[in-house]
Amino acid sequence: MSKNKGGSTAFAALQNVGKTFMLPIALLPVAGLFLGVGASFTGASFIKMYHLESILGPGTFLNRLLTIFNDCGSVIFNNLGLLFAVSVALGLAKSEKGVAALSALVGYFMMYATMTSAIVNFGELGRLKKIGGLLTNMLGFTNTMNTGVFGGIFIGLICVWLHNKYYKIKFPDAISFFGGTHFSPIAGALAGIVGGFIMAFLWPYIAMGIAGLGTLIGKAGYFGTFFYAYVYRALNIMCSTCHFGKQPLVVQLILLVSQLLVLKILSLHNLAPDKRFHGKQLDTLLLNSQL
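Residues numbered from 1 in each chain as written. Predicted model: local features only at pLDDT ≥ 70, side-chain atom pairs only at ≥ 80, totals over all residues. Heavy atoms only, no water.

With respect to the overall build of the protein chain
For step 1, the next point in the chain: Across its full length, the protein chain carries 13 helices and 2 strands.
For step 2, the next point in the chain: Taken across its 291 residues, the protein chain has 44% of its residues classed as buried.
For step 3, the next point in the chain: Counted over contacts in the protein chain with a minimum sequence separation of 6, partners at least 24 positions apart contribute 69%.
For step 4, the next point in the chain: Summed over all atoms, the accessible surface of the protein chain reaches about 15,600 Å², with 69% contributed by carbon and sulfur. (Helix = DSSP H or I, 4+ residues; strand = E, 2+ residues; numbered from the N terminus. Buried < 20%, exposed > 50% of the residue type's maximum accessible area, 1.4 Å probe, protein only. Contact = heavy atoms within 4.5 Å. Areas by Shrake-Rupley, 256 points an atom, 1.4 Å probe, with all protein chains shown as cover.)

Next up, the structure:
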């Protein structure tokens with residue numbers, strides 16, 4: 001009985017985590033529409049092909065308007081990790097959900113600040129730059145680590161766990177102001193620092209493993225191409241709108257993580273015939289393919 005109960009508890013926890021992913025995913029169709037329309041109609045090849053220089057050429061009103069749409073869509077996809085961190089905390093918080101979301105937001109920024117500073121003070125920037133897709137510029141941080149959606153989920157889970165455990169904590173009268181919900185953002189900040197240190201030293205090895213797997217697939221010739229295309233297409237079908245919603249939420253979670261790994265490999269190696277994706281674009285590909 002105890003084993004079954006433990007398994008049921010773990011399954012329920014994964015179900016709850018899966019539910020939290022639906023909130024940022026629901027935002028993506030609108031963001032994808034802005035990004036797609038803006039990027040498509042302002043592309044130089046499209047304008048030249050249909051001789052629309054006078055209407056959509058650089059400097060025209062429509063070009064500027066569509067560029068705004070493109071930028072508005074990009075800002076969502078470029079910050080998916082942040083959105084997932086907040087969404088996970090918001091969905092899993094037992095109470096005071098707004099405070100939990102703020103804690104995850106603070107933790108996410110602190111994690112990236114810690115990772116960036118750890119690279120400067122403890123890391124070897126030249127060596128890290130040799131790992132494909134590892135370093136990026138985001139949130140005002142230069143040469144920080146690209147953890148993508150994984151990083152957001154990681155810090156979101158930690159912050160919401162701390163929030164659920166300590167949002168009713170009480171301190172002595174002298175420092176009572178910092179008790180209760182006021183303590184959650186503080187705990188989130190501390191979690192971000194610890195999580196940032198862990199990711200600063202752990203994530204390069206994860207990125208190297210993903211890059212190595214991509215290299216192996218890339219060197220496998222026709223078999224590697226077939227294997228990649230088969231797995232990616234299978235995941236794409238299972239994660240499509242008509243099939244994805246019918247899967248149990250724990251299966252949805254597994255599918256999302258699996259497809260993220262496949263697209264991470266794509267981002268590090270030139271497996272696509274025309275494009276080489278880096279950094280934040282792979283998250284765009286992952287979640288846009290669900291819709």
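Continuing now.
A few points about the side chain of S184
For step 1, the next point in the chain: Mapping S184 onto the fold places it in helix α9 (residues 183-219).
For step 2, the next point in the chain: Assessed through its relative accessible area of 4%, S184 is described here as buried.
For step 3, the next point in the chain: Among all residues touching S184, those that are not within four sequence positions of it are V99, S103, H163 and Y167.

What about unusual backbone geometry?
For step 1, the next point in the chain: Non-glycine residue E96 carries a positive phi angle of around 50°.
For step 2, the next point in the chain: Along the polypeptide, E96 turns up in the loop between α5 (80-92) and α6 (97-121).
For step 3, the next point in the chain: Even without being a glycine, L139 presents a positive backbone phi close to 55°.
For step 4, the next point in the chain: Within the element layout of this structure, L139 appears in the loop between β1 (135-138) and β2 (141-145).
For step 5, the next point in the chain: A relative accessible area of 26% places L139 in the partly exposed class.

A word on the packing of aromatic side chains
For step 1, the next point in the chain: Using the criterion set out here, one finds 11 aromatic pairs in the structure.
For step 2, the next point in the chain: Residues F171 and F183 carry aromatic rings whose centres are separated by 5.5 Å and whose planes lie at 75° to one another, so their mutual orientation is edge-to-face. On the criterion of sequence distance, the pair formed by F171 in the loop between α8 (148-166) and α9 and F183 in helix α9 is long-range, its members being 12 residues apart.
For step 3, the next point in the chain: Look at F171 and you get partly exposed, because its relative accessible area is 26%.
For step 4, the next point in the chain: Assessed through its relative accessible area of 17%, F183 is described here as buried.
For step 5, the next point in the chain: Relative to F178, the ring of F177 has its centre 5.4 Å away and its plane inclined at 80°; by these criteria the two rings are edge-to-face.
For step 6, the next point in the chain: Taken together through their ring pairs, the aromatic side chains of F41, F46 and Y50 make up a single cluster. (Phe/Tyr/Trp six-rings, centres within 6.5 Å; stacked < 30°, edge-to-face > 60°.)

Things to note about the nonpolar core
For step 1, the next point in the chain: Among the nonpolar cores identified, the biggest contains 43 residues, and Y108, L134 and M145 are the most heavily contacted of them.
For step 2, the next point in the chain: Those elements giving two or more residues to this core turn out to be α1 (2-41), α4 (61-77), α5, α6, β1, β2, α8 and α9.
For step 3, the next point in the chain: The leading source of residues in this core is α6, at 8 residues.
For step 4, the next point in the chain: Beyond its immediate stretch of four places on either side in the chain, L134 contacts L128, T144, M145, N146, W203, P204 and A207. (Core = buried A, V, L, I, M, F, W, Y, C linked by side-chain atoms within 4.5 Å.)

Looking at α9
For step 1, the next point in the chain: Taking 1.5 Å as the rise per residue, α9 with 37 residues should run 54 Å; its terminal C-alpha atoms sit 51 Å apart, in good agreement.
For step 2, the next point in the chain: Taken as a whole, α9 carries its principal kink of about 40° at L202; the proline P204 stands between one and four residues after it.
For step 3, the next point in the chain: Phi turns positive one or two residues past the end of α9, at G221, with a value near 65°. (Expected span 1.5 Å × (residues − 1). Bend = angle between axes of the 7 residues up to and from the residue.)

Considering the pairing of β2
For step 1, the next point in the chain: Sheet topology places β1 next to β2; 3 bridges connect them, and they run antiparallel. Within β2, the position partnered with M138 by the bridge is F141. (Pairing = 2+ DSSP bridges.)

A word on the side chain of T60
For step 1, the next point in the chain: Mapped onto the fold, T60 is located in the loop between α3 (53-56) and α4.
For step 2, the next point in the chain: Note on T60: relative accessible area 16%, which makes it buried.
For step 3, the next point in the chain: There is a polar contact of 2.7 Å between the side chain of T60 and the backbone oxygen of G57.
For step 4, the next point in the chain: When neighbours within four sequence positions are excluded, T60 is seen to be in contact with E53, S54 and I55. (Polar contact = N/O pair within 3.5 Å; in protein donor to acceptor, adjacent residues only side chain to side chain.)

Observations concerning the packing of α8 against α9
For step 1, the next point in the chain: Two elements in contact, α8 and α9, have axes separated by 9 Å at closest approach and are oriented at 145°. Crossing handedness for the pair α8 and α9: right-handed. Between α8 and α9, the contacting residues are F150, G151, F154, I155, I158, C159, L162, H163 and Y166 on the first element and F183, S184, A187, G188, A191, G192, G195, M199 and W203 on the second.
For step 2, the next point in the chain: Here the residues of the contact of α8 with α9 sort into 12 nonpolar, 6 polar and no charged. (Axes fitted to C-alpha atoms, helices over the stretch in contact; angles between N-to-C directions. Left-handed = near helix turned anticlockwise from the far one by under 90°. Nonpolar A, V, L, I, M, F, W, Y, C, P; charged D, E, K, R; others polar.)

Structural measurements only, silent on function.
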